[in-house]
Structures are given as structure tokens and as C-alpha cells.
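Observations on chain architecture
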Amino acid sequence: MPMRIRLTSEGHMVPQEDPFTWVADDQDLVQGDLILSLTRFQAEGDRLLSEGRAVGVRIKSDEEVEALAYDLPRLAVVALEFPKFRDGRPYSSARILRERLGYKGEVRAVGDVLREQAHFMVRCGFDGFEPADGSSAQQWEAVTHRFRHVYQRAADARVPAFEEREG
């Protein structure tokens, strides 16, 4: 199985085998847990979920996560695609999933995912990562703990520095 990096509830990064198989729109379905495009999920998702499979959806940066609002309680993972590292739309999608839609499942970063972005991804609500740069879980953890203080609220619920100072 392919590997991914997962953020634990204690804030550590650990490598994990990925039980999900990404199936592109032009590929045949395989056995087991799947991640599908939004279009394919809308066409085949109900059937796959009724078979008892764990299903995830891969959202491109130009697609709106709000399209999944009704189905979120049934999804195991939402994979947000970074087409290039300079595209920040998946950060907004992660925050919408966590803060506005209340999604509790895995929010995974896929595509052009670099460890230099790890701190900001965690702050926005990502907890699963498929690094494009071949970096290890230990390297990711070092980046996420690089800064002791944060200066604004975010999806990770860390206390901002101004509140720490006040008491």
C-alpha cells in the first residue's frame, strides 16, 4: 500500500499505510476503499457507500467543497488537490470543511504538497498529507512545531499569542 503522513490527535506526524485507492474517472473501479473525483462520486457514490465501502472524494482547487455538504457525514476522507504549490484555494476549502461545515473526517492534502507548507496546512485543518517532495513524517513534524506562537485563530484551535499574554 502507498504511504501517507497523518497528524495524530496529540499533534505528531506519523507515516501510515493508505487504505484508499485513488481511481480516476477513466479507470475501472477496484475492490476496497476508494477516493473518487467529485463528478464520479456524484454519479456512483451512493452505490459504493451502500456496498459498505469507505469512500473519499478528491476535490480540485476550482471545485467548491460546499457541493459535498449533504454527503460529508458519509465520507471517510476529503482530498484537496494542490495543482501547484502557489495555489492557495485548498487552504480555504479546508477551513470551510472544518469550521463552516463541521467535517470531522480526514482532510488530506494531495498534489504539489511540500513540507514547507505543513505548518499552514495544519492550521487550516489538514490532517493527512501526501508529500510531493519525498519528505518524512519527522521532517513534517519539525516544520509544524517550528513556531511556538500563533497570531490569529484558525481551524487548529491554537490559542493566539495575545490571549496567552492576557492570562
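Just above, that's the structure.
Side note on the overall build of the chain
Along the chain, the regular secondary structure elements total five helices and eight strands. Starting at the N terminus and walking to the C terminus, you meet the elements of the chain as β-β-β-β-α-β-β-α-β-α-β-α-α. For the chain, the C-alpha radius of gyration of 16 Å lies close to 15 Å, the compact-globule estimate for 167 residues. Going through the 167 residues of the chain one by one, you find that 44% of them count as buried. When contacts within the chain are restricted to residue pairs at least 6 apart in sequence, long-range pairs at least 24 apart make up 45% of them. Carbon and sulfur atoms make up 49% of the accessible area of the chain, which totals about 9200 Å². Across the chain, the mean location of the 23 positive side-chain charges is 5 Å away from that of the 29 negative side-chain charges.

Thoughts on the pattern of salt bridges
This model, assessed by the stated rule, comprises 18 salt bridges. For the salt bridge of Arg4 with Asp18, the shortest nitrogen-to-oxygen distance reads 3.6 Å. Linking Arg4 in strand S1 (residues 3-7) with Asp18 in the loop between strand S2 (13-17) and strand S3 (20-22), this pair joins segments that are 14 residues apart in sequence. An identical accessibility class is assigned to Arg4 and Asp18; each is buried. For Arg74, the salt bridge goes to Asp71, with nearest N and O atoms at 2.6 Å. Overlapping salt bridges, with partners in common, bring together Arg4, Asp18, Glu106, Arg108 and Glu130 in one network.

Considerations on the layout of surface pockets
The computed volume of the largest pocket comes to approximately 430 Å³. If you trace the largest pocket, you find 18 residues lining it, with Leu7, Thr8, Gly11, Val122 and Asp156 closest to the centre. Per-element tally for the lining of the largest pocket: the top contributor is helix H3 (residues 118-124), with three residues. Classifying every residue of the lining of the largest pocket gives five nonpolar, seven polar and six charged.

Quick look at the pairing of strand S6 (residues 77-82)
Counting buried residues along S6, six of its six residues qualify, which places the element largely inside the surrounding structure. As defined by bridge partners, strand S5 (residues 55-59) adjoins S6 across four bridges and the pair is classed as parallel. Residue pairing across strands places Arg58 opposite Ala79, the latter belonging to S6. Crossover connection from S6 via helix H2 (residues 89-100) to parallel strand S7 (residues 106-111): handedness right-handed.

Considerations on helix H4 (residues 137-144)
Within the sequence span of H4, burial applies to Ala137, Trp140, Val143 and Thr144. Projected onto a plane normal to the axis of H4, the buried residues spread over an arc of 120 degrees and lie on a single side. Along its buried surface, H4 packs onto S1, S2, H3 and strand S8 (128-129).

A short note on the pairing of S2
Bridge count between S1 and S2: five bridges; the pairing is antiparallel. In the strand pairing of S2, Ile5 is matched with Pro15. Counted between consecutive antiparallel strands, the loop separating S1 from S2 contains five residues, among which Gly11 sits at a positive phi close to 90 degrees.

Let's talk about the packing of aromatic side chains
Enumeration over the complete set of coordinates arrives at four aromatic pairs. Site record: aromatic cluster; members linked through ring pairs are Phe82, Tyr91 and Phe126. Taking the ring centre of Trp22 as reference, the NZ or CZ of Arg58 above it sits at 4.7 Å.

Thresholds applied
Residues numbered from 1 in each chain as written. Predicted model: local features only at pLDDT ≥ 70, side-chain atom pairs only at ≥ 80, totals over all residues. Heavy atoms only, no water. Helix = DSSP H or I, 4+ residues; strand = E, 2+ residues; numbered from the N terminus. Rg over C-alpha atoms; globule rule 2.2 N^0.38 Å. Buried < 20%, exposed > 50% of the residue type's maximum accessible area, 1.4 Å probe, protein only. Contact = heavy atoms within 4.5 Å. Areas by Shrake-Rupley, 256 points an atom, 1.4 Å probe, with all protein chains shown as cover. Lys, Arg positive; Asp, Glu negative; His and termini not counted. Charge placed at Lys NZ, Arg CZ, Asp CG, Glu CD. Salt bridge = Lys/Arg side-chain N within 4 Å of Asp/Glu carboxyl O. 1 Å grid on protein atoms, 1.4 Å probe; cavity = no way out; pocket = protein on both sides within 12 Å on 5 of 7 lines; lining within 4 Å. Points joined across faces, edges and corners; volume = space filled by probe spheres on them. Nonpolar A, V, L, I, M, F, W, Y, C, P; charged D, E, K, R; others polar. Pairing = 2+ DSSP bridges. Right-handed = clockwise from strand over helix to strand, strands pointing away. Arc of directions from axis to C-beta. Phe/Tyr/Trp six-rings, centres within 6.5 Å; stacked < 30°, edge-to-face > 60°. Lys NZ or Arg CZ within 6 Å of the ring centre and 35° of its normal.

These figures capture arrangement, not role.
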